[in-house]
Each structure stands twice: as C-alpha cells, then as structure tokens.
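# Secondary and tertiary structure notes
The lines below spell out each chain.
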Amino acid sequence: MAQQRNFTGSRQLLKISEVCEELDVAESTFYDWRAKGRGPRCIKLPNGSVRIRRAVFEAWLETREEAA
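Just so it is clear, the model here is predicted, and its values are computed rather than measured.

Let's shift gears to the overall build of the protein. Of regular secondary structure, the protein possesses 3 helices and 3 strands. The N-to-C order of helical and strand elements in the protein reads β-α-α-β-β-α. Relative to its full complement of 68 residues, the protein shows a buried share of 21%. Intrachain contacts of the protein at a sequence separation of at least 6 include 47% that bridge at least 24 residues. Total accessible area on the protein stands at roughly 5500 Å², and carbon and sulfur atoms take up 44% of it.

As structure tokens, then:
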C-alpha cells in the first residue's frame, strides 16, 4: 500500500476537482482556462495527473480580485 503524505501550507497539492468545487465551476471550464493560459499554474505528475499548489491557487485568486 502506498503511503500518503499530508502536505501543509504552500506544499498542499489540490486536485482539479477540488479547485473546481471551491470555484463552483465545471472541470471543462477549468481546462478551458488552462488551455488559454488563464488558470493557475499547474504541476503535471509522472502519471499524467494534474495538481495545483494551494499557495499558487490562493495567489492566482488574489490576482483575479477586482475593486467593487
């Protein structure tokens, strides 16, 4: 059985589904943003899975804030 590591802080890795759930968007929307260079920077794992660092995701969200 593979050992699972719990990452904390900036080392926490999020799945695409987790990011989409937080943003309340479809995964197809996320992949569209990614293809257009509008999404957060991703990490592609050797098995082909894609992850996003929590800190990178949070920083990306801050760049999307607009003055109300």
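Let us now look at the state of the cysteines. Inspection of every chain in the model, using the stated rule, returns 0 disulfides. With no disulfide of its own, C20 lies closest to C42 among cysteine sulfurs, the gap being 9.9 Å. By relative accessible area, which is 4% here, C20 ends up buried.

Let's shift gears to the side chain of R54. Looking at the secondary structure, you find R54 in helix α3 (residues 54-63). In this structure the side chain of R54 is engaged in a polar contact, spanning 2.6 Å, whose partner is the side chain of E22. In this structure the side chain of R54 is engaged in a polar contact, spanning 2.8 Å, whose partner is the side chain of E58.

Before going further, it helps to examine the environment of R38. Along the chain, the position of R38 falls in the loop between α2 (27-35) and β2 (43-44). Expressed as a C-alpha distance, the spacing of R38 and W60, which sit 22 residues apart in the sequence, is 9.5 Å. In this view, R38 contacts W33, W60 and R64; residues no more than four positions away in its chain are not counted.

About the thresholds
- Residue indices follow the written sequence of each chain, beginning from 1 at its first position.
- Only residues with pLDDT of at least 70 are given local features in this predicted model, and only at 80 or more are side-chain atom pairs given and counted; all residues enter the totals for whole chains, interfaces and linings.
- Water and hydrogen atoms play no part in the side-chain values, which are based on all heavy atoms of the structure.
- For the purposes of this entry, the term helix denotes a DSSP run of H or I that reaches at least four residues, the term strand denotes a run of E that reaches at least two, and both are numbered from the N terminus.
- Only protein chains enter the calculation, and the probe is 1.4 Å; a residue is then buried if its accessible area is under 20% of its type maximum, exposed if over 50%, and partly exposed in between.
- Pairs of residues are marked as contacts when any of their non-hydrogen atoms sit within 4.5 Å.
- For the area figures, the Shrake-Rupley method with a 1.4 Å probe applies, and any residue is considered shielded solely by the protein chains shown.
- Two cysteine sulfur atoms make up a disulfide if the distance between them is within 2.5 Å.
- Polar contact criterion, stated in full: a pair of N or O atoms within 3.5 Å, where within protein one must be able to donate a hydrogen and the other to accept it, and residues adjacent in sequence count only if both atoms are side-chain atoms.

All quantities given are derived from atomic positions and should not be read as evidence of function.
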